[in-house]
Amino acid sequence: MHNHLALITIAFLVLFFGLFSKLSERSPVSGPMFFVAVGILVGPIGFSLIQVQLNTEIVKTLAELTLIILLFVDASFIKFSEIRKTLAGIPARLLLLGLPLTMGLGTLVALWLYPSSNIWALALLAFILSPTDAALGQAVVKSGHVPERVRESISIESGLNDGLVLPPILLCIAVLATGGEALAGDGRWLIFMAKQLTIGPLVGAMVGLIGGRMIDIATNRNWMGPIFHELSAIALAILAYSCAELFHGNGFIAAFFAGLFLGTRKQVVRERLQEFGEAEGQLFSLIIFFLLGLIAVPTFYPYWDANTFIYAVLSLTVIRIVPVMLCLIGSGLSLYSKVFIGWFGPRGIASLLYMLILVSNLGPESYRELISVIVLTVLLSTFLHGLSAVFLSKRFSK
């Protein structure tokens with residue numbers, strides 16, 4: 001059938017779920033869960049009501065835009081006055097110790113389950129499934145039951161780990177594409193990675209500070225209306241991403257830092273930026289999850305076997321929780337808080353985006369088995385983290 005049917009279905013689902021969205025915040029049924037489930041039901045392995053052919057590059061662009069907006073908006077909620085203390089505490093442990101340990105442990109488990117596969121391909125699998133998801137973590141980040149310190153740590157981690165894992169992911173793809181020739185040379189990959197991790201934050205902070213101050217000046221002089229306050233969220237997020245990429249920095253980190261250093265001092269302007277950015281980010285993320293159920297699951301579920309399920313479950317539990325528990329030793333957090341942070345490392349849009357980068361650069365033919373692991377892990381994460389978010393968040397109150 002024509003793609004118009006898919007568009008009609010998405011529009012109807014947004015309207016229908018919106019009617020019950022307030023109720024869903026108090027229930028275990030999240031938006032991503034609903035949209036994935038409907039995508040599966042109307043797709044080829046369900047009632048086969050919709051058959052679509054989508055360009056990988058289009059879906060990749062949509063995933064990039066979604067991640068950029070979500071990172072910008074999430075960061076804008078963090079208190080500017082406490083940025084240094086916030087970044088230097090638990091998030092630093094999670095990003096500088098927990099993330100590398102997760103990547104390393106994920107690679108070792110992949111080697112154990114797939115001993116005959118290329119080690120660079122297995123490392124690529126582990127790296128793609130290392131970053132946590134900003135969209136699936138919304139229920140936890142916004143819960144009033146979860147302590148602010150824990151909420152901010154989860155938010156900052158999901159905001160920055162997407163960008164931190166991208167350089168090693170690109171290195172793995174380059175090695176696989178060139179047969180190892182990418183490692184030869186004069187250390188240009190180290191230079192590339194250094195640029196990615198330094199230019200991005202600088203550019204993002206500048207865009208956020210200068211852009212926010214410009215908005216304040218225009219608002220004080222009555223030059224700028226409320227509608228364009230809202231549109232500025234997307235403009236600043238895309239501007240930070242694109243400028244960083246132009247100068248070979250990491251655009252995702254730049255988008256997060258733009259929100260973190262957002263320069264507006266007017267609370268009403270900040271709220272308008274956040275509300276519109278949240279709405280657009282939510283819309284795009286739900287479309288991505290619908291496409292996951294409609295296209296990715298039917299395409300790759302034939303390749304699921306026992307090893308696929310074992311790795312997916314371990315990725316969401318042992319591979320994530322053990323490094324988090326180790327890096328939080330001596331942090332002063334309670335045992336429940338540590339386990340909570342370890343469990344709420346959902347895999348979602350970032351992993352799907354990096355999977356699409358893998359497909360567009362290497363093609364799916366030789367890596368179907370590994371791609372199927374990514375799809376299953378994100379699918380399980382969508383439901384398991386969605387079902388447990390409200391219940392486990394409320395336990396903090398007890």
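Undergrad: I keep staring at the overall build of the chain and nothing clicks. Help me out?
TA: Of the regular secondary structure elements, the chain holds 18 helices and zero strands. Overall size of the chain, expressed as C-alpha extent along the three principal axes, is 65 × 55 × 45 Å. If you take every contact in the chain between residues at least 6 apart in sequence, the share linking residues at least 24 apart comes to 83%. With an accessible surface of roughly 17400 Å², the chain has 68% of that area assigned to carbon and sulfur atoms.

Undergrad: What exactly am I supposed to notice about the packing of aromatic side chains here?
TA: When we look at a pair of aromatic rings, we describe it by the centre distance and by the angle of the planes. With the rule as written, the count across this model stands at 17 aromatic pairs. Ring plane angle 80° and centroid distance 5.8 Å describe the contact between F34 and F35, whose orientation is recorded as edge-to-face. When its relative accessible area of 0% is taken as the criterion, F35 is described as buried. Here W343 and F344 contribute two aromatic rings whose centre-to-centre distance is 6.5 Å and whose plane-to-plane angle is 65°, an arrangement assigned as edge-to-face. Classification of F344 as buried rests on a relative accessible area of 3%. An aromatic cluster of three or more residues is present, and its members are F12, F16, F17, F20, F34 and F35.

Undergrad: Sorry if this is basic, but what is going on with a nonpolar patch on the surface here?
TA: Taken together, the side chains of L96, L97, L101, V318, V322, L326 and I329 define a hydrophobic patch exposed on the protein surface, amounting to about 650 Å² of accessible area. Among the elements of the structure, α6 (90-113) and α15 (318-327) are those that each provide at least two residues to the nonpolar patch. Along the chain, V318 falls in helix α15.

Undergrad: What exactly am I supposed to notice about the pattern of salt bridges here?
TA: Here the structure, examined in full by the defined rule, presents two salt bridges. A salt bridge links K60 to E57; the nearest nitrogen and oxygen atoms lie 3.4 Å apart. Pair noted here: K60 and E57 are both in helix α4 (residues 56-76), with a separation of three residues, about one helical turn. Under the relative-accessibility criterion, K60 is labelled buried at 13%.

Undergrad: Sorry, what's going on with the side chain of E157 here?
TA: The topology assignment puts E157 in helix α9 (residues 148-178). Given the relative accessible area of 4%, E157 is considered buried.

Conventions adopted
- Residues numbered from 1 in each chain as written.
- Predicted model: local features only at pLDDT ≥ 70, side-chain atom pairs only at ≥ 80, totals over all residues.
- Heavy atoms only, no water.
- Helix = DSSP H or I, 4+ residues; strand = E, 2+ residues; numbered from the N terminus.
- Contact = heavy atoms within 4.5 Å.
- Areas by Shrake-Rupley, 256 points an atom, 1.4 Å probe, with all protein chains shown as cover.
- Phe/Tyr/Trp six-rings, centres within 6.5 Å; stacked < 30°, edge-to-face > 60°.
- Buried < 20%, exposed > 50% of the residue type's maximum accessible area, 1.4 Å probe, protein only.
- Patch = residues over 30% accessible without salt bridge, like charges linked within 9 Å, V, L, I, M, F, W, Y side chains within 5 Å.
- Salt bridge = Lys/Arg side-chain N within 4 Å of Asp/Glu carboxyl O.

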